[in-house]
Amino acid sequence: MRHTPLEPSQTDAVAVTATAEVRITAVGHTYRVGDGEVLSGIDLNIGAGEVVALIGRSGSGKSTLLHIIAGLLEPSEGVVHIGNERVTGPSAAWVMMFQAPSLFPWMTVAENAGLGLRYSGQKEGVDDRVAEVLDLVDLSAFSDRNVQDLSGGQQQRVALARSLAPNPDVLLLDEPFSALDMFTRQSMQQDVRAITKRLGLTMVLVTHDVSEAALMADRAVFLKSGSGKIVGDTPVGLAPKARDLNNPDFQAELARLNGIYSQMQTQC
Ligand SMILES: Nc1ncnc2c1ncn2[C@@H]1O[C@H](COP(=O)(O)OP(=O)(O)OP(=O)(O)O)[C@@H](O)[C@H]1O
Ligand SMILES: [Mg+2]
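Residues numbered from 1 in each chain as written. Chains lettered and ligands numbered in written order. Predicted model: local features only at pLDDT ≥ 70, side-chain atom pairs only at ≥ 80, totals over all residues.

Regarding the overall build of the protein chain
Here comes step 1: A tally of regular secondary structure across the protein chain gives eight helices and ten strands.
Here comes step 2: Scaling as 2.2 N^0.38, a compact globule of 268 residues should have a C-alpha radius of gyration of about 18 Å, and the protein chain matches this with 18 Å.
Here comes step 3: Principal axes of the C-alpha set define a box for the protein chain whose edges measure 55 × 45 × 35 Å.
Here comes step 4: When burial is assessed residue by residue, the protein chain has 42% of its 268 residues classed as buried.
Here comes step 5: Of all intrachain contacts in the protein chain linking residues separated by at least 6 positions in sequence, the fraction that spans at least 24 positions is 73%. (Helix = DSSP H or I, 4+ residues; strand = E, 2+ residues; numbered from the N terminus. Rg over C-alpha atoms; globule rule 2.2 N^0.38 Å. Buried ≥ 20, exposed ≤ 12 C-beta atoms within 10 Å, placed from the backbone. Contact = placed C-beta atoms within 7 Å.)

Considerations on the environment of Phe142
Here comes step 1: Among the structural elements, Phe142 can be located in the loop between helix H4 (126–136) and helix H5 (152–164).
Here comes step 2: The exposure class of Phe142 is buried, given the 20 C-beta atoms found within 10 Å.
Here comes step 3: In this structure the C-alpha to C-alpha distance between Phe142 and Val158, which are 16 residues apart in sequence, comes to 9.8 Å.
Here comes step 4: Other than its neighbours up to four places away in sequence, Phe142 contacts Val109, Leu150 and Gln154.

Things to note about the sheet that holds strand E5 (residues 85–86)
Here comes step 1: Strand order in the open sheet formed by four strands is E2-E1-E4-E5, with antiparallel pairing between adjacent strands. Lying at the two open borders of the sheet, with one neighbouring strand each, are strand E2 (39–46) and E5.
Here comes step 2: Contacts between helix H1 (residues 62–70) and the sheet are confined to strand E1 (22–29), E2 and strand E4 (77–82), with E1 contributing the most and set at about 125 degrees to the helix. (Pairing = 2+ DSSP bridges. Axes fitted to C-alpha atoms, helices over the stretch in contact; angles between N-to-C directions.)

Re the nonpolar core
Here comes step 1: With 75 residues, the main nonpolar core has Ala53, Leu54, Ile69, Ala161, Leu172, Val204 and Ala213 as its most contacted residues.
Here comes step 2: Each of two domains, domain 1 (1–12 + 48–71 + 87–93 + 169–268) and domain 2 (105–167), supplies a minimum of three residues to this core.
Here comes step 3: Not counting residues up to four positions away in its chain, the partners in contact with Ala161 are Ala113, Val133, Leu134, Leu136, Val137 and Leu139. (Core = buried A, V, L, I, M, F, W, Y, C linked by C-beta atoms within 7 Å. Domains from an automatic or database assignment.)

Observations concerning the sheet that holds strand E9 (residues 219–224)
Here comes step 1: Within the open sheet, the six strands sit side by side as E6-E7-E8-E3-E9-E10. Their pairing is mixed. The open sheet has two edge strands with one neighbour each: strand E6 (94–97) and strand E10 (229–235). In this sheet, adjacent strand axes meet at a mean angle of 20 degrees when their direction is disregarded.

Let's talk about the environment of Phe250
Here comes step 1: Topologically, Phe250 is positioned in helix H8 (residues 248–266).
Here comes step 2: When the C-alpha atoms of Phe250 and Leu238 are compared, they prove to be 7.0 Å apart, with twelve residues separating the residues in sequence.
Here comes step 3: Setting aside anything within four residues of it in sequence, one finds Phe250 in contact with Ala214, Leu238, Ala242, Arg243, Asp244 and Leu245.

As for the pairing of E1
Here comes step 1: As paired strands, E1 and E2 are joined by five bridges and run antiparallel to one another. Counted as the bridge partner of Arg23 is Asn45 from E2.

Here's the deal with the domain arrangement of the protein chain
Here comes step 1: When its domains are assigned, the protein chain resolves into domain 1 (1–12 + 48–71 + 87–93 + 169–268) and domain 2 (105–167).
Here comes step 2: Each of domain 1 and domain 2 has a C-alpha centre, and these two points are 24 Å apart.
Here comes step 3: Among the elements that take part in the side of domain 1 that touches domain 2, helix H6 (residues 182–199) stands out by supplying four residues, more than any other.
Here comes step 4: Considered class by class, the residues forming the side of domain 1 that touches domain 2 number ten nonpolar, one polar and one charged. (Nonpolar A, V, L, I, M, F, W, Y, C, P; charged D, E, K, R; others polar.)

Description of the confidence of the model for the protein chain
Here comes step 1: Of the residues in the protein chain, 93% reach a pLDDT of 70 or more, and the chain-wide mean stands at 89.
Here comes step 2: Across residues 1–16, where pLDDT falls below 50, the model places 29 contacts with residues more than four positions away in sequence or in other chains. (pLDDT = per-residue confidence, 0-100.)

Some remarks on H5
Here comes step 1: Between its first and last C-alpha atoms H5 spans 18 Å; for 13 residues at 1.5 Å apiece the expected length is 18 Å, and the two agree.
Here comes step 2: H5 sits mainly inside the fold: twelve of its 13 residues count as buried.
Here comes step 3: The inward-facing, buried residues of H5 abut E6, helix H2 (109–113), helix H3 (115–119), H4, strand E7 (170–174) and H6. (Expected span 1.5 Å × (residues − 1).)

So, the pairing of E7
Here comes step 1: Counting buried positions along E7 gives four out of five residues, so the element sits mostly inside the fold.
Here comes step 2: As judged from the four bridges shared by E6 and E7, these two strands associate in the parallel manner. The residue bridging Met96 from the neighbouring strand is Leu172, located in E7.
Here comes step 3: Note that E7 and strand E8 (residues 202–207) share five bridges and pair parallel.

What follows is the structure in structure tokens.
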């Protein structure tokens, strides 16, 4: 299995019709009466085709906000729109990828990748679409293999292929690479950004790892523990070729983002 990232020039530069914007308006959330607000007065507009990283410490409400965007959790207050639709539940147009790839171990790579399509009742063209998405995630050669025989990184690629098969507008990622080793993680981070840009997807990525945000995102949004509020919002100013851990521009941008993150932790 090659782990060479896709060439940046193949990716960010490709102009694709951008899909859906995500608009989060006055969102607040309390899990239990008597508990404090986990999220409070969240207003955030994410442009069509934009990649936003939600950064914050453990317990700051990142997953809660992502679940609300995905329609998996109804907010106590406020609304989310994706494109022209108000989010009231899950949809094939906005798909979520979790840390565990959640594949069916007795099925092949192709069968797992086609699951979302088959569950949605699609019968025609499934095999062709599966072949397309497996090619996109660089797993064509593994199509007939059992997923149990794949590495953790390859299994995440299958999960990504399964998410992409229904042709979503928005991809929502909740720390999906944190179980992978450093090299596999960087290759996945670069490839997922590349694929997202190639397809014109809007992406929201939850992470507590600032370098992941710098590698993958166009914009970094900081959530503060305890307050449930957004306390920082900054563009990630990196050329496609600079999105590499060893690039000096990357190091400088990472230092700037880390500076904002640590300043944010000490703010009242
Ligand atoms: N189902 C739930 N019921 C009650 N409280 C919850 C529930 N899920 C999360 N919480 C609480 O809400 C707060 C925010 O949790 P959330 O999972 O959104 O944080 P997070 O930023 O994703 O953290 P991590 O980085 O550890 O994943 C935490 O205090 C958590 O204990
Ligand atoms: Mg979380």
